[in-house]
Amino acid sequence: MDDVTRPKSVDPAQMRAAVLEVLPWLHDADAQAPERPAIAAAVRQSARTLAQLAPGASVEVRVPPFVAVQCIAGPRHTRGTPPNVVETTPRIWLSLVAGLTDFDDAVARGDVSASGSRAVEVGGLLPLIRVRASGAGE
């Protein structure tokens, strides 16, 4: 997984394109998974976009094995396990990013681990893009 550092700047259009590339996989559980580099690009760019939109270091968002970013203004955590962590799989993360899955529902189902009092703030920042049910981007 990437080191948790200041995220690289992400072009919103490139992030959107990367997420739309894997959209058929997000819509259809039986669809063949995209190539690993496509999933990695969509996950990394979307997580880094979140960090750009909500700069800070109060919450760590982890999407193993691809990325971990810190976001949301507030007290900075520097050693050991952070007190506020959101962690999920690449597929669930991208479903959240695209607005296909609700954050609170995913936490309730156990698809997202959200520990710490500030972790739920990530849900208020999602989705990063919205897509139509048909899979076409809006």
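Structural notes, computed from the coordinates. Note that this is a predicted model, so its numbers are computed, not measured. (Residues numbered from 1 in each chain as written. Predicted model: local features only at pLDDT ≥ 70, side-chain atom pairs only at ≥ 80, totals over all residues. Heavy atoms only, no water.)

**Overview of the overall build of the protein chain**
If you tally the helices and strands in the protein chain, you get 5 helices and 4 strands. In the protein chain, the succession of α and β elements from N to C terminus is α-α-α-β-β-β-α-α-β. When burial is assessed residue by residue, the protein chain has 44% of its 138 residues classed as buried. Excluding contacts between residues fewer than 6 apart, the proportion of contacts in the protein chain whose partners are at least 24 apart in sequence is 64%. For the protein chain, the exposed surface amounts to about 7,200 Å²; the carbon and sulfur share of it is 48%. (Helix = DSSP H or I, 4+ residues; strand = E, 2+ residues; numbered from the N terminus. Buried < 20%, exposed > 50% of the residue type's maximum accessible area, 1.4 Å probe, protein only. Contact = heavy atoms within 4.5 Å. Areas by Shrake-Rupley, 256 points an atom, 1.4 Å probe, with all protein chains shown as cover.)

**A closer look at the pattern of salt bridges**
Side chains that differ in charge, positive against negative, can pair when their charged atoms come close. Taken as a whole and judged by the stated rule, the model has 4 salt bridges. A salt bridge links R62 to E60, with the nearest nitrogen and oxygen atoms 2.5 Å apart. The residues R62 and E60 share a single accessibility class, namely buried. Across the pair E87 and R62 runs a salt bridge, and its minimum N-O distance is 3.8 Å. (Salt bridge = Lys/Arg side-chain N within 4 Å of Asp/Glu carboxyl O.)

**Things to note about the pairing of strand β2 (residues 67-71)**
Across the 5 residues that make up β2, a large majority, 5, are buried. Alternating positions in β2 separate into two faces, V67, V69 and C71 on one and A68 and Q70 on the other, with burial throughout. Looking at chain direction, strand β1 (residues 59-63) and β2 are connected through 5 bridges and run antiparallel. Bridge pairing links R62 to A68 in β2. In textbook terms, the turn of a hairpin is the stretch between consecutive antiparallel strands, and for β1 and β2 this stretch comprises 3 residues. (Pairing = 2+ DSSP bridges.)

**Considering the side chain of S58**
Along the chain, S58 falls in the loop between α3 (36-53) and β1. The class of S58 is buried, set by a relative accessible area of 5%. Among the polar contacts listed, one links the side chain of S58 to the backbone oxygen of A73, at a separation of 3.4 Å. Ignoring any residue separated from it by four or fewer positions in sequence, one finds S58 in contact with C71, I72, A73, G74, P75, N84 and R118. (Polar contact = N/O pair within 3.5 Å; in protein donor to acceptor, adjacent residues only side chain to side chain.)

**Examining helix α1 (residues 12-21)**
Structural remark: α-helix, 3.6 residues per turn; residues separated by three or four positions point the same way. Of all the residues in α1, the buried ones are M15, A18 and V19. Viewed along the axis of α1, the buried residues span an arc of 95°, placing them on a single side of the element. Every exposed residue of α1 that faces more than 90 degrees away from the buried side is listed here: A13 and E21. As for α1, its buried residues are in contact with α2 (23-27), α3 and α4 (90-97). (Arc of directions from axis to C-beta.)

**Overview of the sheet that holds strand β3 (residues 85-88)**
Spatially, β2-β1-β3-β4 is the arrangement adopted by the 4 strands of the open sheet, whose pairing is mixed. If you trace the sheet from one side to the other, it starts and ends with β2 and β4 (112-115), each paired once. Strand-to-strand twist of the sheet, defined as the mean angle between neighbouring strand axes without regard to direction, takes the value 10°. Pairing geometry for β1 and β3, over 3 bridges, is parallel. (Axes fitted to C-alpha atoms, helices over the stretch in contact; angles between N-to-C directions.)

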